[in-house]
Amino acid sequence: ATAAPAGELLPMPLRGCGWALCNTPTIAFMVSSALHHPTCTRRIVFGQWLNQTHLAGVTWCNRGASAEGDGPSTAVVAASYIGALVTAIPIAVGGGKLSQRSPLLKPFARFAP
């Protein structure tokens, strides 16, 4: 959709149809970091934060709220965003560190951004 139910035009990076194209640089950064700097915690955290922030923006713009104010509240979307950060970052950091330390998982290290 190019417009929200209330009628305002959605920015291209935050449209549902624009998600894949506009999130490609973030995913490329995360994959490149996993390949070239697999143990750099700052890069892992930044990549996950950037990805989750973009997804939260897409969720906010496409939440289905109309002029009457229905749809998820700001508090619900913010809680979902915080929950996504609190889970995505430790999983990515832990997966990256574990894949570097375990000989069995070493071949999969490049897939753990």
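Values in this document were obtained by computation on a predicted structure and should not be read as measured data.

Draft legend 1. Region of the structure containing helix α3 (residues 74-101). The end-to-end C-alpha distance of α3, which contains 28 residues, comes to 41 Å, matching closely the 40 Å that a straight helix rising 1.5 Å per residue would cover. For α3, the complete set of buried residues consists of Val77, Leu85, Ala88, Ile89, Ala92, Val93, Gly96 and Ser99. On its buried face, α3 sits against α2 (41-61).

Draft legend 2. Spotlight on the environment of Pro11. In this structure, Pro11 sits in the segment before α1 (19-36). The exposure class of Pro11 is partly exposed, given its relative accessible area of 41%. Residues Pro11 and Cys61, spaced 50 residues apart in sequence, show a C-alpha to C-alpha distance of 8.5 Å.

Draft legend 3. Local environment of the packing of α2 against α3. Relative to each other, α2 and α3 sit at 150 degrees, their axes nearing to 9 Å. Classified by the angle between their axes, α2 and α3 sit roughly antiparallel to one another. Seen along the crossing, α2 lies across α3 with a hand that is right-handed. On α3, the residues that touch Thr41, Ile44, Val45, Gln48, Trp49, Gln52, Thr53, Ala56 and Trp60 of α2 are Thr74, Val77, Tyr81, Ala84, Leu85, Ala88, Ile89, Ala92, Val93 and Lys97. Classifying every residue of the contact of α2 with α3 by side-chain character gives 13 nonpolar, 5 polar and 1 charged.

The rules we used
Residues numbered from 1 in each chain as written. Predicted model: local features only at pLDDT ≥ 70, side-chain atom pairs only at ≥ 80, totals over all residues. Heavy atoms only, no water. Helix = DSSP H or I, 4+ residues; strand = E, 2+ residues; numbered from the N terminus. Expected span 1.5 Å × (residues − 1). Buried < 20%, exposed > 50% of the residue type's maximum accessible area, 1.4 Å probe, protein only. Contact = heavy atoms within 4.5 Å. Axes fitted to C-alpha atoms, helices over the stretch in contact; angles between N-to-C directions. Parallel < 35°, antiparallel > 145°, perpendicular 65-115°, else oblique. Left-handed = near helix turned anticlockwise from the far one by under 90°. Nonpolar A, V, L, I, M, F, W, Y, C, P; charged D, E, K, R; others polar.

Honestly, that's just the spatial picture; any functional story needs more than this.
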